[in-house]
Amino acid sequence: PFTDVAETHWAYDEIAWTYENGYMSGTTVTTFNPGGAVTRQQVWMILARLSGQSPANMAEARTWAMDNGISDGTNPEAPVTREQLAAMLYRYAALKGRDLTAGENLNFTDASDVSAYARPALQWATGEKILTGSNGALNPQATATRAHLAAILHRYFG
């Protein structure tokens, strides 16, 4: 239903899936803003909902994330990086009792850019093909876009 996501967009199917399943909505009634940044609090809200919770607002989503070890709750309005997103998903997977043993060496051109805290999460996420990188790079410090989040959610939950 979004005028800014053409059928030829690389994440068209993933965006449609997240919208149809109620995981993500548009930034307006007619736009999705696929290149827009995702904030930490938006990830908290989505993961809380996926966990069966119904936080009434971002403050409740933050509390849920902190209580469940998903995030420390800092910088709620800050854009989330790709490695931060992987770390939150990794912690969510642990919370849900998922197998975290799948992992691989980070054979990406920018593997040295991965923060130490995020290395196990990125090894798991790339091993599970939840995060795939682009052109041989992970871009762990780059801001995750709304299209990235839709694709990652689809790969993880789809």
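Criteria and thresholds
Residues numbered from 1 in each chain as written. Predicted model: local features only at pLDDT ≥ 70, side-chain atom pairs only at ≥ 80, totals over all residues. Heavy atoms only, no water. Helix = DSSP H or I, 4+ residues; strand = E, 2+ residues; numbered from the N terminus. Contact = heavy atoms within 4.5 Å. Axes fitted to C-alpha atoms, helices over the stretch in contact; angles between N-to-C directions. Parallel < 35°, antiparallel > 145°, perpendicular 65-115°, else oblique. Nonpolar A, V, L, I, M, F, W, Y, C, P; charged D, E, K, R; others polar. Salt bridge = Lys/Arg side-chain N within 4 Å of Asp/Glu carboxyl O. Buried < 20%, exposed > 50% of the residue type's maximum accessible area, 1.4 Å probe, protein only. pLDDT = per-residue confidence, 0-100. 1 Å grid on protein atoms, 1.4 Å probe; cavity = no way out; pocket = protein on both sides within 12 Å on 5 of 7 lines; lining within 4 Å. Points joined across faces, edges and corners; volume = space filled by probe spheres on them. Core = buried A, V, L, I, M, F, W, Y, C linked by side-chain atoms within 4.5 Å.

(A) Inspection of the environment of Gly103 at higher detail. Take Gly103: it is sitting in the loop between helix 4 (82-95) and helix 5 (119-127). Sequence separation between Gly103 and Ile70 is 33 residues, and the spatial gap between their C-alpha atoms is 20 Å. Discounting chain neighbours no more than four positions away, the residues touching Gly103 are Gln123, Trp124 and Gly127.

(B) Inspection of the packing of helix 4 against helix 5 at higher detail. With their axes 8 Å apart at the nearest point, helix 4 and helix 5 run at an angle of 80 degrees to one another. By the angle between their directions, the pair helix 4 and helix 5 is classed as roughly perpendicular. Between helix 4, through Glu83, Ala86, Ala87, Leu89, Tyr90 and Ala93, and helix 5, the contact on the second element is made entirely by Pro120, Ala121, Leu122, Trp124 and Ala125. In the contact of helix 4 with helix 5, the residues fall into ten nonpolar, no polar and one charged.

(C) Looking closely at the pattern of salt bridges. Tallied over the full model, the rule gives one salt bridge. Residue Asp72 pairs with Arg40 through a salt bridge whose shortest N-O separation is 3.1 Å. In this pair, Asp72 sits in the loop between helix 3 (58-67) and helix 4 while Arg40 sits in helix 2 (residues 40-50), placing the two residues 32 residues apart along the sequence. Assessed through its relative accessible area of 9%, Arg40 is described here as buried.

(D) Seen up close, the confidence of the model for the protein. Mean pLDDT over the protein: 94, with 100% of residues reaching 70 or higher. Averaged over each element, pLDDT in the protein is lowest for helix 5 (93) and highest for helix 3 (97).

(E) Seen up close, the layout of surface pockets. By volume, the largest pocket is sized at about 240 Å³. Forming the boundary of the largest pocket are 14 residues, of which Tyr23, Met24, Ser25, Ile46 and Arg146 lie nearest the centre. When residues of the lining of the largest pocket are traced back to their parent elements, those giving at least two are helix 2 and helix 6 (146-157). For the lining of the largest pocket, the residue count by class is seven nonpolar, five polar and two charged.

(F) Fine view of the nonpolar core. Ile15, Leu47 and Leu85 are the most contacted members of the largest nonpolar core, which totals 46 residues. Elements supplying a minimum of two residues to this core: helix 1 (12-20), helix 2, helix 3, helix 4, helix 5 and helix 6. Not counting residues within four places of it along the chain, the set of residues in contact with Leu47 comprises Trp64, Ile70, Met88, Leu89 and Tyr92.

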